[in-house]
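# Secondary and tertiary structure notes
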Amino acid sequence: MKLLSRGLGLVLGLVLTGGLLIVAAPPALAQRIVTLTIVTVPHLPAARFSFDGQRVTSDSKGVVRLYVPASRSPHKLQLLTPTIRSGGTQAQFVRWWGQPNHDQDYKTNLTGLSVDRSERLQVAFRVSYLVKYRMVNQNHQPVDSRRIEQVVIKSDTGELINVHGGQARLTGYRPALQSGTMAEKQAVYSLWTITINGSDAIHAGQMRFLPSLPRDQNLEFVIPLKSIQITASDRLLGRSVGKAVVLTFPDHTSTTIPFGRSHTITINNLVRGNYQVRLVGSSGFGGNRSLSLSRNQNIVLRVWNFEDFALVLLVLIIIVTSSLVGGRLGRPRRARRKNAKESVP
């Protein structure tokens, strides 16, 4: 009995000892969690992504944070919104930055992405804005759009852009690499050319604007327009002459403008450039004028007409005749004086 009791005690002890060993064994180590941070450049809310089939959206600062188990297992990350529109603003996907496979930098899908430590990825966009513009003169009065032949805008990258219709979609932010990271660069534009009547109406580059600024999304392009006042008169007598003038524009088109009662013509809303003025309804010389218009000008056409030539000729005839007659009358007198002197003893 004692032997049996000892045997049972030994077995029970072994069982109890084994149980203690199982309880005392340390639990399995928990898997390490790392962070995958996705940042939009510039900061764009509502950018949507899919990570291994799980859909996520960027917050108000354009950031997505994913907490995933650390491993070298391949993952798939997809940009679901390569184009994001909001009102007149549009963001277009350009590239990824910070992921190891550079062959996929310009693709919306990233495959084989391993996350064994905390990572930060950037996804860069080009953001454009709808810019509206209108043409006004220096007094902020509208310029007839039918007169506008061409409008050219130049970007800070040197690109020349033809715009028309009173609006244009222009880049406001473009991604740029700075100090090893992607950053947004604000785009700057300048008004380069406005062509009216074949002449450039502005000085290139004087007006600059930034489409990303709300105040620069509704623009007034100021065109400094000039005026000409034309009169025509007889050069010798000062009388008004001519019935009209023909004005030839820089594009070689022309228009005929009659004189009014005051015999003065005023032509407004002209762009700078080279013009020709020709007097109509007067015979003679001096009725044509070339004009390089860069400011408001008064032009007086002084004409030598045939009446002037006739009058000048008449005066010359009178002068010559008077000289001849005076010379003939003077010779007998001089002869008599000479003879009288010779007859004196």
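Since the model is a prediction, treat every value here as computed from it, not as a measurement.

## A closer look at the overall build of the chain
When helices and strands are tallied, the chain shows two helices and 24 strands. Every one of the 345 residues in the chain was classed for burial, and the buried ones make up 37%. Once local pairs closer than 6 in sequence are excluded, the contacts in the chain between residues at least 24 apart make up 63%. Of the roughly 21500 Å² that the chain leaves accessible, carbon and sulfur atoms contribute 54%.

## Thoughts on the confidence of the model for the chain
Counting all residues, the mean pLDDT for the chain is 85, and 82% of those residues have values of 70 or more. Mean pLDDT across the elements of the chain ranges from a minimum in helix H1 (residues 2-24), with 37, to a maximum in strand E2 (residues 48-51), with 98. Confidence drops under a pLDDT of 50 for residues 1-29, and excluding neighbours within four residues, the segment shows zero contacts in the predicted structure.

## Overview of the nonpolar core
As a rule of thumb, nonpolar side chains are buried together in soluble globular proteins. If you look at the biggest cluster of nonpolar residues, it comprises 44 residues, and the most contacted ones within it are Met135, Ile194, Phe221, Ile223, Ile230 and Val245. For this core, the element with the most residues is strand E14 (residues 189-196), which contributes four residues. Ignoring anything within four residues of it in the chain, the contact list for Val245 reads Ile230, Thr255, Thr256, Ile257, Phe259, Ile265, Val277, Arg278, Leu279 and Leu301. Judged by nonpolar contacts, the second largest core, of 26 residues, contains Ile38, Val68, Leu113 and Leu121.

## Points about the side chain of Thr193
When you line up the elements, Thr193 lands in strand E14. If sequence neighbours within four positions are ignored, Thr193 has contacts with Gln150, Val151, Val152, Asp200 and Ile202.

## Details of the layout of surface pockets
Roughly 190 Å³ of volume is contained in the largest pocket. Looking at the largest pocket, it is lined by 13 residues, and the ones nearest its centre are Leu44, Pro45, Ser86, Thr89 and Ala91. In this structure, the second largest pocket spans a volume of roughly 160 Å³. Contributing elements (two or more residues each) for the lining of the second largest pocket: strand E9 (119-137) and strand E10 (148-155). For the lining of the second largest pocket, the element with the most residues is E10, which contributes four residues. Looking at side-chain class alone, the lining of the second largest pocket contains five nonpolar, five polar and two charged residues.

## Looking at the environment of Gln138
Locating Gln138 in the fold gives a position in the loop between E9 and E10. Residues Gln138 and Lys226, 88 residues apart in the sequence, show an inter-C-alpha distance of 9.6 Å. Setting aside residues up to four positions removed in sequence, Gln138 forms contacts with Val222, Ile223, Pro224 and Leu225.

Analysis parameters
- Residues numbered from 1 in each chain as written.
- Predicted model: local features only at pLDDT ≥ 70, side-chain atom pairs only at ≥ 80, totals over all residues.
- Heavy atoms only, no water.
- Helix = DSSP H or I, 4+ residues; strand = E, 2+ residues; numbered from the N terminus.
- Buried < 20%, exposed > 50% of the residue type's maximum accessible area, 1.4 Å probe, protein only.
- Contact = heavy atoms within 4.5 Å.
- Areas by Shrake-Rupley, 256 points an atom, 1.4 Å probe, with all protein chains shown as cover.
- pLDDT = per-residue confidence, 0-100.
- Core = buried A, V, L, I, M, F, W, Y, C linked by side-chain atoms within 4.5 Å.
- 1 Å grid on protein atoms, 1.4 Å probe; cavity = no way out; pocket = protein on both sides within 12 Å on 5 of 7 lines; lining within 4 Å.
- Points joined across faces, edges and corners; volume = space filled by probe spheres on them.
- Nonpolar A, V, L, I, M, F, W, Y, C, P; charged D, E, K, R; others polar.

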